[in-house]
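# Notes for the structure review
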Amino acid sequence: MTQLKPLIAANWKMNGDKALIAEFSTAFTTDKVNGIDIIVCPPSIYLDEFSSQVASNNSAIAVGAQNLSDKESGAFTGEISAAMLQQVNCNFAIVGHSERRSLFGETPQFVASKYATALANNITPILCTGESEQQREDEQTFTVIAQDIDAVIERSGIESFKDGIIAYEPVWAIGTGKSATPEQAQDVHAFIRKHLAKHDEEVAAGVRILYGGSVNENNAAELFKQKDINGALVGGASLVVDKFMAICQNA
Ligand code: PGA
C-alpha cells in the first residue's frame, strides 16, 4: 500500500477564543510542520477570521467546520450551510461526531446526508464513527461501525470515500484520558479498511483513517506507528499550541 499523507485534525468543540486563533495562525508555519496535513476545526463563529489569518501568516493549517447542515439553504434557524462554509474558505467538515450523535440525536442516515451535502459542495467530510463502552463490552464494535459506514455507502456510494476521511473515535476514549491502545485502534482501523475493500479495494487502500480519543503528545507516536492509522483527530490536546505541535511533529 502506498504511504498515505498523515493528517492531524483538531476539534476544538465549544472551546477557544480569538486569542487562541491568533496564536494558532502564527505558530504552525509550513517550515515547522512538513509533509503532513493539518486541519483545525474551531467553533463556526470563528471560521471566517481563522481562514483570513492562516492565509496571511503562511500557515500550514487548513480550516474545518465541526458540523454543517444537510440542507442547502432555507428556513433552518441556527444552521450553517456548506455554501456558507465554502465562502469562508472552509474546505473540511466533521460529520457525525459522537457528541452530535448522542447529544443531538444524529442518526447514521442523517449523518450520511450531511456527508453527501458536504461532498456536493466540494467540502471534504471527516466521518466520525465509534462504539460506546457498553457496545464494546457487548462485542458490538464492528457492527456499530459498519452501520455508520454502510449508511454513507447506501447514500453516496463507495466512490464517495475517495473524497472523504474517516475518524475512528471510540466513545469511551473521548475526553476520558483513556486512549485506545495502539493495538485496539489498529484492529478497528484494519476492520474499516477490510469492510470498504469488500466494495472497492482501491478506495479502501486510499482512504485516510484517523484515530481519535484522548490522543496526546505522549501516546501519539505509538499510535502513528500502526499500519492503518493515518493520523489523529484531537480534542483536548488541540487547545494548547505546544501539545498540538508535538502531536503534529510525531506524525
Ligand atoms: P479528546 O477528543 O482528544 O479530547 O478525547 C477527541 C474528539 O472528540 O474528537
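See the structure shown above.
As a starting point, this report considers the structure included with it. (Residues numbered from 1 in each chain as written. Predicted model: local features only at pLDDT ≥ 70, side-chain atom pairs only at ≥ 80, totals over all residues. Heavy atoms only, no water.)

Let us now look at the overall build of the protein chain. A tally of helices and strands in the protein chain yields 11 helices and 8 strands. Taking 18 Å as the expected radius of gyration for a compact globule of 251 residues, we find that the protein chain reaches 17 Å, a close match to that expectation. Projected onto its principal axes, the C-alpha positions of the protein chain cover 45 × 45 × 35 Å. Expressed as a percentage of its 251 residues, the buried residues of the protein chain come to 54%. A sequence separation of at least 24 residues applies to 75% of the contacts in the protein chain between residues at least 6 apart. Positive and negative side-chain charges in the protein chain, numbering 19 and 31 respectively, have mean positions lying 1 Å apart. (Helix = DSSP H or I, 4+ residues; strand = E, 2+ residues; numbered from the N terminus. Rg over C-alpha atoms; globule rule 2.2 N^0.38 Å. Buried < 20%, exposed > 50% of the residue type's maximum accessible area, 1.4 Å probe, protein only. Contact = heavy atoms within 4.5 Å. Lys, Arg positive; Asp, Glu negative; His and termini not counted. Charge placed at Lys NZ, Arg CZ, Asp CG, Glu CD.)

What follows covers the sheet that holds strand E5 (residues 124-129). Taking strand neighbours around the barrel as the criterion, the 8 strands line up as E1-E2-E3-E4-E5-E6-E7-E8 in a closed arrangement whose pairing is parallel. Neighbour-to-neighbour, the strand axes of the sheet open up by a mean angle of 25°, direction not taken into account. Across 5 bridges, the pairing between strand E1 (residues 7-11) and strand E2 (residues 37-41) is parallel. Looking across to E2, one finds that Ala9 is bridged to Ile39. The strands touched by helix H5 (residues 108-120) are strand E4 (92-95) and E5; relative to E5, the strand with the most contacts, the crossing angle is about 160°. (Pairing = 2+ DSSP bridges. Axes fitted to C-alpha atoms, helices over the stretch in contact; angles between N-to-C directions.)

With that out of the way, let us pick up the pairing of strand E8 (residues 231-234). Of the two faces of E8, the one carrying Gly231 and Leu233 and the one carrying Ala232 and Val234 are both buried. Where strand E7 (residues 209-212) meets E8, 2 bridges bridge the pair, whose relative direction is parallel. From the neighbouring strand, Tyr211 faces E8, where its bridge partner is Ala232.

Let us look at the packing of helix H1 (residues 18-27) against helix H2 (residues 47-56). Interaxial distance between H1 and H2 falls to 9 Å at its minimum, and their mutual angle equals 25°. Relative to H2, H1 is oriented roughly parallel. For the element pair H1 and H2, the recorded crossing hand is right-handed. Where H1 abuts H2, its residues Lys18, Ile21, Ala22, Phe24 and Ser25 lie against Glu49, Phe50, Gln53 and Val54. Considered class by class, the residues forming the contact of H1 with H2 number 5 nonpolar, 2 polar and 2 charged. (Parallel < 35°, antiparallel > 145°, perpendicular 65-115°, else oblique. Left-handed = near helix turned anticlockwise from the far one by under 90°. Nonpolar A, V, L, I, M, F, W, Y, C, P; charged D, E, K, R; others polar.)

This is a description of form; function is not addressed.
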